[in-house]
Amino acid sequence: MKSGIAEVRISQDEATDKLLTELQTKQTTPEIKLSKYYLFDVKRWAEWLIWGVMVAVLACVIGWAVHLYGVNQALDSLALRYRILRMELGYTQPNIASLDSLFSSEDSDDSIRKLRSRVTNYELAIERQADLLLQQQRITQEQAEVQKALGK
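Residues numbered from 1 in each chain as written. Predicted model: local features only at pLDDT ≥ 70, side-chain atom pairs only at ≥ 80, totals over all residues. Heavy atoms only, no water.

Draft legend 1. Quick peek at the overall build of the protein. Helix and strand counts for the protein come out as 4 helices and 0 strands. Starting at the N terminus, the α and β elements of the protein follow one another as α-α-α-α. The 152 residues of the protein split such that 8% are buried. Sequence-distant contacts in the protein: of pairs separated by 6 or more residues, those separated by 24 or more amount to 42%. (Helix = DSSP H or I, 4+ residues; strand = E, 2+ residues; numbered from the N terminus. Buried < 20%, exposed > 50% of the residue type's maximum accessible area, 1.4 Å probe, protein only. Contact = heavy atoms within 4.5 Å.)

Draft legend 2. Highlighting the confidence of the model for the protein. Mean pLDDT for the protein: 80, with 78% of residues reaching 70 or above. Per-element confidence in the protein is highest for helix 4 (residues 109-151), whose mean pLDDT is 87, and lowest for helix 3 (residues 93-104), whose mean pLDDT is 64. (pLDDT = per-residue confidence, 0-100.)

Draft legend 3. The arrangement of the nonpolar core in detail. With 6 residues, the main nonpolar core is built from L80, I84, M87, I112, L115 and V119. Ignoring any residue separated from it by four or fewer positions in sequence, one finds V119 in contact with L80, R83, I84 and M87. (Core = buried A, V, L, I, M, F, W, Y, C linked by side-chain atoms within 4.5 Å.)

Draft legend 4. Region of interest: a nonpolar patch on the surface. A surface patch of nonpolar side chains, about 370 Å² in accessible area, is lined by L49, V53, V57 and V61. Inspection of the secondary structure puts V53 in helix 2 (residues 42-89). (Patch = residues over 30% accessible without salt bridge, like charges linked within 9 Å, V, L, I, M, F, W, Y side chains within 5 Å. Areas by Shrake-Rupley, 256 points an atom, 1.4 Å probe, with all protein chains shown as cover. Salt bridge = Lys/Arg side-chain N within 4 Å of Asp/Glu carboxyl O.)

Draft legend 5. Quick look at the environment of R116. Tracing the chain through its elements places R116 in helix 4. Owing to a relative accessible area of 34%, R116 belongs among the partly exposed residues under this scheme. In this structure the C-alpha to C-alpha distance between R116 and S77, which are 39 residues apart in sequence, comes to 10.0 Å. The residues touching R116, leaving out its near neighbours within four places in the chain, are D76 and L80.

If you want it as structure tokens, here you go:
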């Protein structure tokens, strides 16, 4: 019985080997192209360099915008101080010191907003008065011309 099992096993092994050889001849394995990896690849380094330069330029633009925003805020604050002094307080040292203390404290946003609206209203009133004065001068000139024309 052992010999019968051994013969069957041998015949199965031969059939399996035969099938494997037929399958290997019929099937072709795809060729895999392996590209070489270079540590100092010029194209990859150029891409990294371009991206790095773009990020650096973007960071510089953002930094410059933040800087200019701070400078603009400081100039706006100084311009408002000058307009307030010109409007009502005058150029005395105590008035300048009180304005400096108002602008230096963190809690004075409402006070500054109120002062800004007062200054804006004052400047609009001055501008309106100037327009009215110009209009009055023009009307006076026209009246003088009409009287001169009627007097002849």
